[in-house]
Amino acid sequence: MGDRLDEYRRKRDASRTPEPVPDGPLPRGRDDTFVIQQHHARRLHWDLRLERGGVLVSWAVPRGLPRDPKTNHLAVHTEDHPLEYANFAGVIPAGEYGGGRMLIYDRGTYTTEKWRDDEVIVVFDGARTKGRYVLFQTRGKDWMVHRMDPPDPSWTPMPDQLRPMLPEPATRLPRPESAWGFEMRWPGVRALAQVSGGRLRLFSAGGADFTDDHPRIKPLGEELAPAEVVLDGHVTPLGGGAVYLVFDVLWLDGRLTIELPYRDRRELLESLAIAGPHWQTPPYFPGAGRDALTASRDQGLPGVVAKRLDSPYRPGERSRDWRKLS
């Protein structure tokens with residue numbers, strides 16, 4: 001059998017890439033280490049690497065490991081990597097094989113239940129990844145990865161086709177203002193966003209997928225990775241282009257958040273730090289309705305939306321907990 005790192009070395013020039021390109025015989029480990037790297041290459045994906053026989057046996061997983069046992073994800077078998085790669089994080093220069101930013105998403109230990117040329121069953125024990133998984137070959141380098149045990153009891157799958165909550169029209173600011181938060185009303189189209197595996201999909205209020213109409217907003221999915229989230233907002237014309245203005249989070253990393261109070265959902269939203277050339281989180285103004293309404297008029301906006309700070313999110317409902325004013 002030839003050197004298991006021949007293909008790896010052939011694809012890399014040690015003088016041009018910061019990746020480890022070791023010489024000499026393969027080291028021996030305990031065959032119990034794994035690493036998952038988040039790879040911002042031409043297309044975002046995650047690299048799963050399992051220590052085996054002195055190398056890291058590797059698969060590129062475009063959408064990451066599934067947490068839902070009802071879902072299988074594609075895993076493309078790639079060349080073996082050196083054990084030193086388990087600690088690699090950095091930027092592979094443009095033009096080099098796999099060019100792009102590499103981050104360590106998770107690492108830890110695993111136990112092997114089965115290891116065959118076409119099927120691998122392992123149990124992960126990492127900081128972020130735990131559970132029993134099977135990788136099985138479907139054709140050539142194409143494999144699938146499947147979670148074999150149930151997810152954590154607190155985990156819920158991403159909700160499909162939620163409808164946005166709607167405000168009631170109002171003619172005056174609600175009282176007391178201290179119980180309410182105030183947002184600008186924006187022109188444009190209401191849009192719910194689903195982000196999973198670094199990919200973003202935009203849905204209209206009626207449930208139509210219009211992601212492809214806004215290619216400049218699509219990179220938000222990669223920007224948020226590895227977070228998985230359902231967002232509510234507006235696609236608004238600003239500065240000669242479309243910008244996704246996000247004002248609510250409905251599900252985040254396996255947790256349905258619609259029952260949380262509005263103020264808590266805003267805190268979660270702020271933690272995502274959504275700020276970029278074609279996506280923003282506009283501020284809201286707790287207890288400052290008059291100031292918000294004045295600012296809206298000064299900017300030539302349609303008005304404000306008042307939202308009770310203690311209100312849950314009611315998908316598809318029009319509620320007095322949200323009120324729109326001009």
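See the structure above.
S.K.: Help me out: how do you make sense of helix H3 (residues 262-271) in this one?
M.R.: An α-helix turns once per 3.6 residues; consequently, residues spaced three or four apart project the same way. Tyr262, Arg265, Arg266 and Leu269 are the residues of H3 that are buried. Down the axis of H3, the buried side of the element spans an arc of 100°, and every buried residue falls inside it. Exposed residues lying more than 90 degrees from the buried face of H3 are Glu267 and Ser271. Among the structural elements, strand E11 (180-185), strand E14 (229-238), strand E15 (241-252), strand E20 (303-308) and strand E21 (318-325) are those in contact with the buried residues of H3. Within two residues after H3, Ala273 carries a phi angle of roughly 50°, on the positive side.

S.K.: Before we go on, may I ask you to explain the packing of aromatic side chains in this structure?
M.R.: Centre-to-centre distance and the angle between the planes together describe a pair of aromatic rings. In this structure the tally under the stated criterion is seven aromatic pairs. Ring plane angle 80° and centroid distance 5.6 Å describe the contact between Tyr313 and Trp322, whose orientation is recorded as edge-to-face. Here Lys307 stacks its cationic end above the ring of Trp322, 3.8 Å away from the centre of that ring.

S.K.: Just checking my understanding: could you explain the sheet that holds E21 for this structure?
M.R.: Strand pairing within a sheet occurs via backbone hydrogen bonds; the two strands may be parallel or antiparallel. What the five strands build is an open sheet, ordered E10-E21-E20-E11-E19; its pairing is mixed. The strands lining the two open edges of the sheet, one partner per strand, are strand E10 (166-169) and strand E19 (285-286). Pairing of E10 with E21, which is carried by four bridges, proceeds in the parallel orientation. In the strand pairing of E21, Pro169 is matched with Lys324. With respect to the sheet, H3 is in contact with E11, E20 and E21, its orientation differing from that of E11 by roughly 55°. Against the sheet, helix H4 (residues 289-298) touches E11, E19, E20 and E21, its axis set at about 5° to E11.

About the criteria used
- Residues numbered from 1 in each chain as written.
- Predicted model: local features only at pLDDT ≥ 70, side-chain atom pairs only at ≥ 80, totals over all residues.
- Heavy atoms only, no water.
- Buried < 20%, exposed > 50% of the residue type's maximum accessible area, 1.4 Å probe, protein only.
- Helix = DSSP H or I, 4+ residues; strand = E, 2+ residues; numbered from the N terminus.
- Arc of directions from axis to C-beta.
- Contact = heavy atoms within 4.5 Å.
- Phe/Tyr/Trp six-rings, centres within 6.5 Å; stacked < 30°, edge-to-face > 60°.
- Lys NZ or Arg CZ within 6 Å of the ring centre and 35° of its normal.
- Pairing = 2+ DSSP bridges.
- Axes fitted to C-alpha atoms, helices over the stretch in contact; angles between N-to-C directions.

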